[in-house]
Amino acid sequence: MNHVLTQSPTAPVAESAVSLPPLKVRRRKSSMKSRPTIGGMIGRVIVWLLVAFNLFLVVWMVMTSLRDTRDIARDPLGLPTQPHWENFATAWNTGGFGIAAINSVVATVVSSLLVVAIAAPAAYVLAKSTRRLSSTFTLMFVLGLGVPGQVLLVPIYVMLAKFQDISHLKMINSVQGLIVVMVGLGIPFTVFLLAGFFRSLPVEIEEAAAIDGSSGIRTFIQIVLPLARSGLVTAFMLAVISGWNETLFSLVMLTTAENRTLPIALLAFLDQSQFNGADWGGLFAGIVLVVTPVLALFIWLGRRIVEGMTVGISK
């Protein structure tokens with residue numbers, strides 16, 4: 001009888017059959033990319049020099065605001081021997097910075113809210129639409145970023161003057177007219193920024209909402225806007241910074257003292273100091289009052305603003 005030798009399923013497998021080849025440990029070779037190049041080192045040095053120069057300007061501005069005019073004229077780079085806190089009171093009262101601060105806050109906050117409220121739906125439609133016209137409209141908003149404000153100054157002023165004559169609404173020499181201008185100037189960049197955020201959102205969430213019977217407006221308000229909260233905050237903060245620093249249109253449109261913003265009040269205080277004698281301590285105190293809110297805002301939310309700009313523009 002022929003006996004057929006069969007291997008049991010549970011029989012041990014030969015060691016040679018399962019032996020693995022010895023692992024070869026590969027040493028990581030040094031790459032030229034990991035080593036700092038001469039150009040990279042020069043770039044880092046230049047960046048740190050610019051950072052040090054900007055920090056020096058901020059510290060020098062604050063120190064000079066606490067000095068007397070004679071001390072500043074004697075040694076512009078010196079330190080205050082005795083702090084003159086009355087410089088801030090002089091800038092606030094004599095320079096009219098109190099009313100100007102209220103006008104700046106109202107114009108900046110209202111215009112920034114309107115910019116985000118108008119640009120968000122437009123950016124969402126442009127980001128989610130598959131029609132050919134959507135890319136054309138997006139290109140038009142991008143082209144609006146390259147138009148300098150000096151070119152738009154005269155047409156906008158004439159348009160607001162004619163609208164004022166027709167509607168009897170005060171647009172020239174008024175804060176509401178400045179708000180309209182700031183909204184129009186801020187919409188192109190805000191649409192361009194928010195469109196990148198809306199493109200980065202997952203489409204599956206909107207499809208699930210549509211399957212559940214949610215309308216487009218409800219999906220945008222209850223689902224899309226909460227998801228794009230970081231982008232909306234970034235767009236609002238950038239609009240605040242731009243509106244707070246707006247000077248050109250404010251200088252042309254606001255002519256009376258009760259309607260001036262902080263940058264215009266600073267320029268008026270400089271002109272007044274030239275006629276009545278230079279008050280460099282009060283002037284630098286006024287500069288500190290103008291710069292401090294934006295600087296504090298950027299220190300608080302600077303990382304979020306930079307990350308938001310990177311995410312939104314790269315999409």
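Calculation notes
- Residues numbered from 1 in each chain as written.
- Predicted model: local features only at pLDDT ≥ 70, side-chain atom pairs only at ≥ 80, totals over all residues.
- Heavy atoms only, no water.
- 1 Å grid on protein atoms, 1.4 Å probe; cavity = no way out; pocket = protein on both sides within 12 Å on 5 of 7 lines; lining within 4 Å.
- Points joined across faces, edges and corners; volume = space filled by probe spheres on them.
- Helix = DSSP H or I, 4+ residues; strand = E, 2+ residues; numbered from the N terminus.
- Nonpolar A, V, L, I, M, F, W, Y, C, P; charged D, E, K, R; others polar.
- Polar contact = N/O pair within 3.5 Å; in protein donor to acceptor, adjacent residues only side chain to side chain.
- Contact = heavy atoms within 4.5 Å.
- Salt bridge = Lys/Arg side-chain N within 4 Å of Asp/Glu carboxyl O.
- Buried < 20%, exposed > 50% of the residue type's maximum accessible area, 1.4 Å probe, protein only.
- Core = buried A, V, L, I, M, F, W, Y, C linked by side-chain atoms within 4.5 Å.

Peer 1: Before we go on, may I ask you to explain the layout of surface pockets in this structure?
Peer 2: A probe matching the size of a water molecule, rolled over the atoms, marks out where space remains unfilled. Looking at the largest pocket, its volume works out to about 510 Å³. Lining the largest pocket are 26 residues, with Met182, Leu185, Gly186, Phe189 and Ser242 positioned closest to its centre. Secondary-structure elements contributing two or more residues to the lining of the largest pocket are α5 (97–128), α7 (149–167), α8 (175–200), α11 (229–244) and α12 (248–253). The element contributing the most residues to the lining of the largest pocket is α8, with seven residues. Its residues placed into classes, the lining of the largest pocket shows 15 nonpolar, 10 polar and one charged.

Peer 1: How should I be thinking about the side chain of Ser112 in this particular structure?
Peer 2: Take Ser112: it is sitting in helix α5. A distance of 3.3 Å separates the side chain of Ser112 from the backbone nitrogen of Val240, its partner in a polar contact. Residues in contact with Ser112, not counting those within four places in the same chain, are Phe236, Ala239 and Val240.

Peer 1: Would you mind going over the pattern of salt bridges with me for this structure?
Peer 2: Pairing between side chains becomes possible if they bear opposite charge and their charged atoms approach one another. Following the criterion strictly, the structure yields one salt bridge and no others. The residue Arg74 makes a salt bridge to Asp71 at a minimum N-O spacing of 2.8 Å. Separated by three residues within a single helix, Arg74 and Asp71 lie in helix α3 (residues 69–74), roughly one turn from each other. Residue Asp71 is classed as partly exposed on the basis of its relative accessible area, which comes to 21%.

Peer 1: Help me understand the nonpolar core, please; the structure alone is not making it clear to me.
Peer 2: It is characteristic of soluble globular proteins that their nonpolar side chains tend to be buried jointly. Counting residues in hydrophobic clusters, the biggest one holds 37 residues, and the most contacted among them are Leu160, Leu194, Phe198 and Phe249. At the level of elements, α5, α7, α8, α10 (216–227), α11 and α12 are the ones that each hand at least two residues to this core. Here this core gets 13 residues from one element, more than from any other, and that element is α8. Excluding residues within four positions of it along the chain, Phe198 makes contact with Ala120, Ala123, Tyr124, Ala127, Lys128, Phe220, Val224 and Ala228. Formed by 18 residues, the second largest nonpolar core is a distinct cluster that contains Val240, Ile241, Ala265 and Leu301.

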